[in-house]
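# Residue-level structural notes
As a plain string of letters, each chain reads:
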Amino acid sequence: MHTMWKGSIQFGLVSIPIKMHAATEDKDISFRTLHEKCKTPIRYEKVCPVCEEKVEKDDLVKGYETTSGGFVIVNQEEINSLRKETNEKAVEILDFIDIDEIDPIYFNRSYYLGPNEGGSKAYSLLRKALEDSRKVGVAKIMIRSKEQLALVRVYNNTLLMETLHYPDEIRNAADVPNVPEAENVEEKELETAKLLIDQLTAAFKPEKYEDEYRQKLLNLIEAKENGEEVVESKEEPRKDNVTDLMEALQASVDKNKKKTTDKKTKKAPAAKKQQTSPKKKAT
């Protein structure tokens, strides 16, 4: 399993060296966008709409858009100085709570935490303490330049960290439109609904649920592939320095030619006016 982060779990004076691994994976089927004519993947480039030129990575800066439509520029050095004020390599446990106190709406992503070198004993100690106390740890961690709220718990004999949404990231349920305030349910209808729930109640076995749409899509792709409905994209022509130089020179010539033509066009009316206004003959 790929290690995506190394650090430590810290609570009180205890520090446990750990490795973090992604606990879930996205199995969505992704498609490339092709040019229908030649079946070549489309390339997306960053282009400035004002300068009308391609923008390289070194020419980019971070800007926060204000309510007035302007931007506040924040450079990378300023961001790095703020990161130094937080411990980027620690899962810092702040509190221990009952997991039933957290609504699932707060859960975001899951990560396995495994012990790093020299951390097995302390890892086992925390795992056992969490199991016996039936508690989970609320922690903070810096992941991908964002300080995340997290929860540390035991899952299948392994410490699992769940990143959580902050309270201000949860939208207010009261803002959902058309939600009825008062109950308007007849007793007979309610009893029938409860009976149906009882009939469909079962133990949760996640393995019996599957993404039927994804499987059908995979079957369709496999059938097309076996039926040789596979298209090949054309190779992108390689440009050498000579070709690039010739294109640049030709573009410059065309640009200057256009400027010269525009200048002649502007001067033409003045010359015409001079010809149509001859001087009066002396009498």
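Structural notes, computed from the coordinates. As the structure is a prediction and not an experimental result, all values here were calculated from the model.

## Focus on a nonpolar patch on the surface
On the surface, a nonpolar cluster with roughly 350 Å² of combined accessible area is contributed by Val61, Phe71 and Ile73. By the element assignment, isoleucine 73 lies in strand S8 (residues 71-74).

## So, the state of the cysteines
Going through the model one piece at a time under the given rule, you end up with zero disulfides. The closest cysteine sulfur to the non-disulfide-bonded cysteine 48 is located on cysteine 51, 3.8 Å from its own sulfur. Cysteine 48 sits in the partly exposed class, given a relative accessible area of 23%.

## Section: a negative patch on the surface
Together, Glu53, Glu56, Asp58 and Asp59 line one region of the surface with negative charge. Here glutamate 56 shows up in the loop between strand S6 (53-54) and strand S7 (62-65).

## Details of the packing of aromatic side chains
Summed over the entire model, instances satisfying the criterion amount to three aromatic pairs. With a centroid separation of 6.0 Å and an interplanar angle of 85 degrees, the aromatic rings of phenylalanine 11 and phenylalanine 96 are classed as edge-to-face. Linking phenylalanine 11 in strand S1 (residues 5-11) with phenylalanine 96 in strand S9 (residues 90-97), this pair joins segments that are 85 residues apart in sequence. On the basis of relative accessibility, which here comes to 22%, the residue phenylalanine 11 falls in the partly exposed class. On the accessibility criterion, phenylalanine 96 (39% relative accessible area) is partly exposed. Between tyrosine 112 and tyrosine 155, the aromatic rings sit 6.5 Å apart at their centres with planes inclined by 25 degrees, giving stacked as the arrangement. Residue tyrosine 112 is found in strand S10 (residues 107-115), and its partner tyrosine 155 is found in strand S12 (residues 146-155); the two are separated by 43 residues along the sequence. On the accessibility criterion, tyrosine 112 (21% relative accessible area) is partly exposed.

## Concerning the environment of serine 110
Inspection of the secondary structure assignment puts serine 110 in strand S10. Relative accessible area serves as the criterion here: at 17%, serine 110 is assigned to the buried category. Considered as a pair, serine 110 and threonine 163 are 53 residues apart in the sequence and their alpha carbons are 6.5 Å apart. Setting aside its immediate chain neighbours within four residues, serine 110 contacts Ala22, Ala23, Thr24, Leu160, Met161 and Glu162. A polar side-chain atom of serine 110 sits 2.7 Å from a polar atom in the side chain of glutamate 162.

## Brief notes about the side chain of glutamine 148
The topology assignment puts glutamine 148 in strand S12. Those residues in contact with glutamine 148 that lie beyond four places of it in its chain are Ala139, Lys140, Ile141, Ile143, Thr163, Leu164 and Tyr166.

## Focus: helix H2 (residues 120-133)
A rise of 1.5 Å per residue sets the reference length of H2, with its 14 residues, at 20 Å; its end C-alpha atoms lie 20 Å apart and thus fit the reference within 8%. Those residues of H2 that sit buried are Tyr123, Leu126, Arg127 and Leu130. All buried residues of H2 project into a common sector of 100 degrees when viewed along the axis, lining one side. Exposed residues pointing more than 90 degrees away from the buried face of H2 are listed as Lys121, Leu125 and Asp132. After H2 finishes, the residue arginine 134 shows a positive phi value of roughly 55 degrees.

About the criteria used
Residues numbered from 1 in each chain as written. Predicted model: local features only at pLDDT ≥ 70, side-chain atom pairs only at ≥ 80, totals over all residues. Heavy atoms only, no water. Patch = residues over 30% accessible without salt bridge, like charges linked within 9 Å, V, L, I, M, F, W, Y side chains within 5 Å. Areas by Shrake-Rupley, 256 points an atom, 1.4 Å probe, with all protein chains shown as cover. Salt bridge = Lys/Arg side-chain N within 4 Å of Asp/Glu carboxyl O. Helix = DSSP H or I, 4+ residues; strand = E, 2+ residues; numbered from the N terminus. Disulfide = S-S within 2.5 Å. Buried < 20%, exposed > 50% of the residue type's maximum accessible area, 1.4 Å probe, protein only. Lys, Arg positive; Asp, Glu negative; His and termini not counted. Charge placed at Lys NZ, Arg CZ, Asp CG, Glu CD. Phe/Tyr/Trp six-rings, centres within 6.5 Å; stacked < 30°, edge-to-face > 60°. Contact = heavy atoms within 4.5 Å. Polar contact = N/O pair within 3.5 Å; in protein donor to acceptor, adjacent residues only side chain to side chain. Expected span 1.5 Å × (residues − 1). Arc of directions from axis to C-beta.

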